[in-house]
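Coordinate inspection notes
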Amino acid sequence: MTKDWEGNEPNGSSLHSLWAGRFDSLYTNVWSRNKGNTAFFTVAPTDPHAPNFHPVSSRSPSELFGELEPKDTEWTCPGGFAVETQVFYNILEDGTSVMCQVIHSSLGVWYPTIQFTCKIYNPNTKELTWKSVNVTNFVTPPPGLDKRSSRADEFSITHKSSPGSDIPEKYTIKANLGPDLQLSLEITRSAAAPGFKIGKGPKGGFSYFGPDLANPEGHVIHRFWPRDHCNGLIMLKGRAIEAKGPGMFVHAIQGMRPNLVAARWNFAQFQSDLHGGISAVQMEFTTTESYGKKGAGSGFVSVNIGSLVVGGKLAIVTAETKWPGEPQLEDAEVKSRAIHSKTEDDADTGYPAPTEFAFRWAAPSLLPDAKGPIDATVRVEVGPPNDSKGLIEKIDILAEIPYVIKTMVNYVAGTKPYIYQTSSMLEIVRTAARIALTFVPVILIKNHKTKRKLRAAEASGDLELAEKVRTIRHRTVFFHVLLFIPVFIFWATILASLERTPLTGRWRLILLSPEEEEDISSQLAGPGWYQAVGEILSRDGTAPQLIPPSDWRLAWVKDTLRRLESVIPLLQYESALEAKWLECGPDDIPLPPPADFPLNPRPRASEYVRRFAELTCGRTSAPAPHGIPGPPYALIVVDKSDSSNAFSYGFGPDGGGGIVVFSGFLDDIMGKYPSLHDDTPPVPKSSWWSSLFSGLFPATPTQPPHPMPTEEQTSELAILLAHELSHLILSHHLETLSSGSIIWPGILSITTDIIRAVLFPVTMLFGPFVNDALAGLGKYGSGEFTKLTEYCTSQNQEVEADIVSARLLAHAGFDPRHAVRFWEGRHESERTAECSPAQALEHTAHDQWAKESTTMRWMGQSHPMNIVRVERLKEELQRWKTQRELLRELAQVSE
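Residues numbered from 1 in each chain as written. Predicted model: local features only at pLDDT ≥ 70, side-chain atom pairs only at ≥ 80, totals over all residues. Heavy atoms only, no water.

On to the overall build of the protein. Helices and strands together make up the secondary structure of the protein, namely 19 helices and 32 strands. A total of 895 residues make up the protein; the buried ones form 47% of that total. Total accessible area on the protein stands at roughly 45100 Å², and carbon and sulfur atoms take up 58% of it. (Helix = DSSP H or I, 4+ residues; strand = E, 2+ residues; numbered from the N terminus. Buried < 20%, exposed > 50% of the residue type's maximum accessible area, 1.4 Å probe, protein only. Areas by Shrake-Rupley, 256 points an atom, 1.4 Å probe, with all protein chains shown as cover.)

So, on to the environment of K170. By the secondary structure assignment, K170 is in strand β13 (residues 169–176). When the C-alpha atoms of K170 and H229 are compared, they prove to be 9.4 Å apart, with 59 residues separating the residues in sequence. Not counting residues up to four positions away in its chain, the partners in contact with K170 are T158, H159, K160, E186, I187, T188 and W225. A polar atom in the side chain of K170 sits 3.1 Å from the side chain of E186. (Contact = heavy atoms within 4.5 Å. Polar contact = N/O pair within 3.5 Å; in protein donor to acceptor, adjacent residues only side chain to side chain.)

In this numbering, the UniProt entry assigns the feature "transmembrane region" (unreviewed entry) to residues 428–445 and 477–498. The distance separating the terminal C-alpha atoms of residues 477–498 is 31 Å; by composition the span is 95% helix and 5% strand. (UniProt positions renumbered as here; feature names shortened; annotations may be inferred.)

Below, the discussion takes up a nonpolar patch on the surface. Among the surface-exposed residues, V477, V481, F484, I485 and F488 lie close enough to one another that they form a single nonpolar patch of about 490 Å² accessible area. Locating V477 in the fold gives a position in helix α4 (residues 465–497). (Patch = residues over 30% accessible without salt bridge, like charges linked within 9 Å, V, L, I, M, F, W, Y side chains within 5 Å. Salt bridge = Lys/Arg side-chain N within 4 Å of Asp/Glu carboxyl O.)

A word on the pattern of salt bridges. Scanning the model with the defined rule gives 31 salt bridges in all. The shortest N-O distance in the salt bridge between R189 and E169 comes to 2.8 Å. Of the two residues, R189 sits in strand β14 (residues 181–189) while E169 sits in strand β13, which places them 20 residues apart along the sequence. Classification of R189 by relative accessible area gives buried; the value is 7%. On the basis of relative accessible area, E169 is assigned to the buried category, the value being 13%.

Among the structural elements, R817 can be located in the loop between α15 (768–811) and α16 (818–828). Relative accessible area serves as the criterion here: at 37%, R817 is assigned to the partly exposed category. In the structure, R817 is positioned eleven residues away from A806 in sequence and 8.1 Å away in space, judged by C-alpha atoms. Looking at R817, its side chain comes within polar contact range of the main-chain oxygen of D588, at 3.4 Å.

Taken N-terminus to C-terminus, the directions of helix α7 (residues 552–565) and helix α10 (residues 663–672) make an angle of 85 degrees; their axes are 12 Å apart at the nearest point. Between α7 and α10, the angle is such that the two are roughly perpendicular. Residues W552, R553, W556 and V557 of α7 lie in contact with α10, whose contacting residues are S663, L666, D667, I669 and M670. Across the contact of α7 with α10, the residue classes tally to six nonpolar, one polar and two charged. (Axes fitted to C-alpha atoms, helices over the stretch in contact; angles between N-to-C directions. Parallel < 35°, antiparallel > 145°, perpendicular 65-115°, else oblique. Nonpolar A, V, L, I, M, F, W, Y, C, P; charged D, E, K, R; others polar.)

When you line up the elements, E154 lands in the loop between β11 (150–151) and β12 (155–161). Although E154 lies buried, it forms no salt bridge, and the closest oppositely charged side chain, R151, sits 9.8 Å away as judged by the N-O distance. A polar contact of 3.0 Å, which involves the side chain of E154, links it to the backbone nitrogen of T136. The contact partners of E154, leaving out residues within four places of it in the chain, are V133, N134, V135, T136, K174, A175 and N176. (Lys, Arg positive; Asp, Glu negative; His and termini not counted.)

Spatial ordering of the open sheet is given by β28-β30-β29, a layout of three strands whose pairing is mixed. Only two strands of the sheet have a single neighbouring strand rather than two, namely β28 (634–638) and β29 (646–650). Direction aside, the axes of adjacent strands within the sheet are offset by 20 degrees on average. Bridging between β28 and strand β30 (residues 657–662) involves five bridges; their strand directions are parallel. (Pairing = 2+ DSSP bridges.)

To continue, consider the environment of T288. Inspection of the secondary structure assignment puts T288 in the loop between β20 (278–286) and β21 (302–310). A residue is classified by how much of its surface remains accessible, and T288, at 10% relative accessible area, is buried. As a C-alpha pair, T288 and A263 span 25 residues in sequence and 5.0 Å in three-dimensional space. If sequence neighbours within four positions are ignored, T288 has contacts with N259, L260, V261, A262, A263, G299 and F300.

Another point: the pairing of strand β17 (residues 218–236). As defined by bridge partners, β14 adjoins β17 across eight bridges and the pair is classed as antiparallel. When the sheet's bridge partners are listed, L185 is paired in β17 with G232. Bridge count between strand β16 (residues 206–209) and β17: four bridges; the pairing is antiparallel. The residue of β17 that forms the bridge with S207 is V220. Pairing of β17 with strand β18 (residues 239–254), which is carried by 15 bridges, proceeds in the antiparallel orientation. Looking at β18, one finds that I234 is bridged to I241.

As a further point, take α7. The terminal C-alpha atoms of α7, which comprises 14 residues, lie 20 Å apart, in line with the 20 Å expected from a rise of 1.5 Å per residue. Those residues of α7 that sit buried are R553, L554, W556, V557, T560, L561, L564 and E565. Two to three positions downstream of the cap, the backbone nitrogen of R553 sits 2.8 Å from a side-chain oxygen, assigning the N-cap of α7 to D551. (Expected span 1.5 Å × (residues − 1).)

With that settled, consider the side chain of S336. Within the fold, S336 resides in strand β23 (residues 335–345). For S336, a relative accessible area of 1% translates into the label buried. A polar contact of 2.5 Å, which involves the side chain of S336, links it to the side chain of N304. Aside from chain neighbours lying at most four places away, what touches S336 is Q282, N304, I305, G306, T318, A319, E320 and R360.

A word on the packing of aromatic side chains. One pass over the full model with this rule turns up 21 aromatic pairs. An angle of 50 degrees between the planes, with centres 4.9 Å apart, marks the rings of F53 and F209 as tilted. Note that F53 is positioned in strand β5 (residues 53–54) and F209 in strand β16, a separation of 156 residues in sequence. Summarising the burial analysis for this pair, F53 and F209 share the class buried. Its guanidinium or amino end placed over the ring of F206, K203 lies 5.1 Å from that ring's centre, counting from NZ or CZ. (Phe/Tyr/Trp six-rings, centres within 6.5 Å; stacked < 30°, edge-to-face > 60°. Lys NZ or Arg CZ within 6 Å of the ring centre and 35° of its normal.)

This next bit is on the state of the cysteines. Going through the model one piece at a time under the given rule, you end up with zero disulfides. Of all cysteine sulfurs, the one in C100 lies closest to C230, which takes part in no disulfide; the gap is 7.7 Å. (Disulfide = S-S within 2.5 Å.)

Pasting the structure below:
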């Protein structure tokens, strides 16, 4: 009996995880085998043309199916160069695909790394979630369980068996991968679809690498659940997703370096609930050139393993080997094939990317009631590389490794980098400086010895004196070149990262690429900002109490903030308002003169570096988003009467930046001025429905009367909000992140390296004692100096925010001169408002004043910072007045 089954995405099914790619070997002959010579093996094969690859797929049809035993899916945690994984693939009822994977990877003698990876993709909304977390305290088996289970601080996977039942096995997955993603899933396998491997016994599922099967050089193992069912809950960005749907499970081991295992992989999973449940799984890998039927150089052997479940029952298991140069027979009894029926060159990688797939399964039936061959095919069109239909995804596998290493890999492999970032240049400077400083002691010692010989040669009249002088000169030139390279790269990095602060024109450094800034803003967009601020507010161990949306105070703050936001676009076109500015009288609200540096997107020298890099590598791409992160900004009001503070936080559009206001500040300004009261109780709205049933149901409760903020109170609120809004407009939080996390730690690290080189004679004698002392001093000094530089940077930003906030207030119809009185009053108050979240939550006015005084005495200043801020604000307002009067006088003279 023959069953033909073909599908091109029928209703109720979904094709998932069709992926094909190429992983070119990135290593030289040190890590590979070439022309029959084996690196790191002391015994060469007797016949260099003997087979050195033995695929699991080279078995007769009757030996293909081997039912899984309990030990087959236990964790082995191999050492050496090996990778072991458990992967769960499931497709939910709405088409969302979910992948959960635990990866145990070893690199030689290094301690293994364990990661939990989760990928969730909704094809309807195009929302993609990708999480990869390095877990801690990994244990297998957990107490009371076998080694099919595992646990870490971030997750637990528990296996339970029920032999003889309809559900003989299940996995329970619980994972907390961060504030935006938690998993609670149960994966069950039906008895009708047993787990399988290719081949029976403990060695089933093995493909061996190397000519000697008794002592193989490496191996690959795959064990499968061909169909399972997921049931549970996924908490994604604060919303609950019901996780129900079919899928499959695979436990795999690569018992050798991954770059030697395969040059290409294909994987397909087809799931449908039609006909009682259909599942089609296929995995194919192609060896590197080093492993094949005739020894090294005869590789690129394809091993394909698959299975087909029909009606919820395992129908066939397939496995087929494709040897290079040998055709696959169309009348073969077993077929397991992944065919790229159409391809198109990918401009980014040069790889012939598939645009159409065909997957085929054929083998004798395993169903007792349906004997005979079964043949099935799935065909699907995925579209060109630059416009795929969502069934295929291109991943930059180098994206997560350090940039310096990535650059070297790109050079060796001939691939092209995707991102150019100036923050990585500082790491290159450190590497170049360390290389240069390594040679400094050697050159100094050699020059010292040569000079001693010169003095002896001069005393004896040696004729080789000139040659020795040239030797010293050459070493000296080499020494200067070594020192010049890191210095040049360092200053080039600094120049490439310089930019003018909008509106004020202050020079500043931001060592973050546009791509990195976009990544920061995307993480904070939408609910991300509220989650980040929630963590800040919870640092004291108590959950913040927020003012509800129905509270009149929140509406008051929001209306005032939106009024200020509405004038932000004017900061880009102030030159068009010059006539209105000059017409201001002494009784009018003063308007600012047009800024010399309007609020435009921030051009930097790094943009030119990026263009140059794109031209040199022969590819161009659209510039990364680097615009003005504008309104609407996020806002929350915290119900905390003992805090008269506010702070701003974040960067980016779509609510990626926002302001937090504490209710204590609102209480202060409401108590500072007499308020208006609306004592008239609101009249509840009436309708024919309410009048009809008024006797049966109580009336809807109404909000009690509340104070009506006056213009003076709203003005003081606007002054504080404008100050915090200015921090967001000027991207001060990005600047602080750059200086505190990249610039100063990098500079201090380079400085410590220079000190080590200068103290080389001492470190040579006392060795680790001096090195440990320098490391400890550098770590301590880095922390203290970073705090000091962050403090100084934040104070510059405070003054700058005051100046820019005056512009916002003036354009929004508030008198900026009132800001002088406001900040003078805040200085006299026992409580203060700060922009920094840490300062807003941790410092009282007295403690902050003491800290300011100590720091400024150390820097040679004698005035507290609040006084300096008020003086600078007065100077700015006076500049507006002076410049306006000067232009009026010039206009009168010209007339």
